[in-house]
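Here is what each chain is made of, one letter per residue.
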Amino acid sequence: MAINKDGYQKIMGELNTKGVTLVAVSKTKPVESILELYQLGQRDFGENYVQEMVEKAKLLPYDIRWHFIGHVQTNKVKLIIPFVQLIHGVDSLKLLKEINKEAVRTGRIINCLLQIHIAEEETKFGLDESELDMLMKNFSGLELKSIRICGLMGMASFTNDMDKVRSEFNKLKKLFKQYQARYSGFQILSMGMSADYKIAVEEGSNMVRIGSLIMGERTR
Ligand SMILES: *Cc1c(COP(=O)(O)O)cnc(C)c1O
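For clarity, every value in this text was computed on a predicted model and none was experimentally measured. (Residues numbered from 1 in each chain as written. Predicted model: local features only at pLDDT ≥ 70, side-chain atom pairs only at ≥ 80, totals over all residues. Heavy atoms only, no water.)

Some thoughts on the layout of surface pockets
Quantified by volume, the largest pocket comes out at close to 990 Å³. In terms of lining residues, the largest pocket is bounded by 38 residues, among which K27, N48, M155, M193 and R218 are the most central. For the lining of the largest pocket, the secondary structure elements donating two or more residues are α3 (50–59), β6 (147–155), α7 (162–182) and β8 (207–210). Considered class by class, the residues forming the lining of the largest pocket number 16 nonpolar, 14 polar and eight charged. Its volume calculated, the second largest pocket comes out at about 160 Å³. Around the second largest pocket sit D44, R65, H67, Q85, L86, N111, R148, C150, G185, Q187, I188 and M207, which together line it. When residues of the lining of the second largest pocket are traced back to their parent elements, those giving at least two are β3 (65–68) and β6. Looking at the lining of the second largest pocket, its residues break down into four nonpolar, five polar and three charged. (1 Å grid on protein atoms, 1.4 Å probe; cavity = no way out; pocket = protein on both sides within 12 Å on 5 of 7 lines; lining within 4 Å. Points joined across faces, edges and corners; volume = space filled by probe spheres on them. Helix = DSSP H or I, 4+ residues; strand = E, 2+ residues; numbered from the N terminus. Nonpolar A, V, L, I, M, F, W, Y, C, P; charged D, E, K, R; others polar.)

And the structure:
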């Protein structure tokens, strides 16, 4: 199963001129595919299962920046803290506290994005606006010194209605701007996947997470 080199180069061309970071989502893909992309210069890779990311990181070059894009369970946090670059899916204070605890133990500062629920589907994780507000207030009072909240992450509805997708991304962008005005550390807006990254970038995303379009279709 080969990676889509032409697709990758084309997407990189589009994103580079706009200053958008590409996280290549390598979940379910073999280390050989990751290496192929690495040899083209790709360094940011995203995984959404802890065990899988840990196993792959052991086998691959040290300068890969690993993004955890799934939902981390509290009891698995300690496995990724020693090497993770950015945790995209944080949506509770409990998780932030656990990340901080392990970060202190490891002597690292951990970059996190708060996941916002923008889609209509009930099953997706994430905070709504009032939950975000409350979390940020509580966080500010807690002095979790080994956590850096760098911005927001969201996933649009799984639909062919691209106007709907656009309006969800637009909503997230507005929220991001509001918080950016108050918290200097807010710099990353992670939104956009294979099917909707162009719209996400038009709506202000500066980090996209693309899997199937460059690494091939997945069965799970
Ligand atoms: C799998 C996944 C992606 C990439 O999905 P594609 O449609 O293959 O681009 C992006 N973000 C998250 C959170 C994912 O789980």
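Structure's up, so let's keep going.
Looking at the site of the ligand
In the neighbourhood of the ligand, 13 residues make up the surrounding shell, with K27, S194, G211, S212 and R218 lying closest. Relative to its unbound accessible area of 380 Å², the ligand is 90% covered by the protein chains. With respect to the detected pockets, the ligand is housed in the largest pocket. At the level of elements, β6 and β8 are the ones that each hand at least two residues to the shell around the ligand. When grouped by side-chain class, the residues that make up the shell around the ligand number six nonpolar, four polar and three charged. (Near = heavy atom within 4 Å. Areas by Shrake-Rupley, 256 points an atom, 1.4 Å probe, with all protein chains shown as cover. Sits in = over half its atoms within 2 Å of the grid points.)

Concerning the environment of S92
Mapped onto the fold, S92 is located in the loop between β4 (86–90) and α5 (93–106). For S92 and G126, which are 34 residues apart along the polypeptide, the C-alpha to C-alpha distance reads 8.6 Å. Reaching out from S92, the side chain makes a polar contact with the backbone nitrogen of L95 at a distance of 3.1 Å. (Polar contact = N/O pair within 3.5 Å; in protein donor to acceptor, adjacent residues only side chain to side chain.)

A look at the pairing of strand β7 (residues 188–191)
Of the two faces of β7, the one holding I188 and S190 and the one holding L189 and M191 are both buried throughout. Bridge analysis of β6 against β7 gives four bridges, and the strand direction is parallel. For G151, the partnering residue across the bridge sits in β7 and is I188. Chirality of the crossover, the property in question, places the unit of β6, α7 and β7 among those that are right-handed. (Buried < 20%, exposed > 50% of the residue type's maximum accessible area, 1.4 Å probe, protein only. Pairing = 2+ DSSP bridges. Right-handed = clockwise from strand over helix to strand, strands pointing away.)

Regarding unusual backbone geometry
The phi dihedral of T28 falls on the positive side, at around 70 degrees, and the residue is not glycine. Along the chain, T28 turns up in the loop between β1 (21–25) and α2 (31–39). A residue is classified by how much of its surface remains accessible, and T28, at 28% relative accessible area, is partly exposed. For E143, which is not glycine, the phi dihedral falls at a positive 55 degrees. On the secondary structure map, E143 appears in the loop between α6 (129–142) and β6. Relative accessible area serves as the criterion here: at 56%, E143 is assigned to the exposed category.

Some words on the pattern of salt bridges
Summed over all chains, the structure comprises 15 salt bridges. Put simply, E143 and K145 hold a salt bridge, and the shortest N to O gap is 2.8 Å. Among the salt bridges present, the one from K164 reaches E168, with a minimum N-O distance of 3.5 Å. Remark: E168 and K164 occur in helix α7; sequence separation between them is four residues, near one turn of the helix. (Salt bridge = Lys/Arg side-chain N within 4 Å of Asp/Glu carboxyl O.)

Considering α5
An ideal rise of 1.5 Å per residue puts 20 Å on 14 residues; α5 measures up with 20 Å between its terminal C-alpha atoms. All of the buried residues in α5 are L93, L95, L96, E98, I99, N100, E102 and A103. Along its buried surface, α5 packs onto α4 (77–80), β4, β5 (110–117), α6 and β6. Directly beyond the C-terminal end of α5, a positive phi value near 75 degrees is found at G107. (Expected span 1.5 Å × (residues − 1). Contact = heavy atoms within 4.5 Å.)

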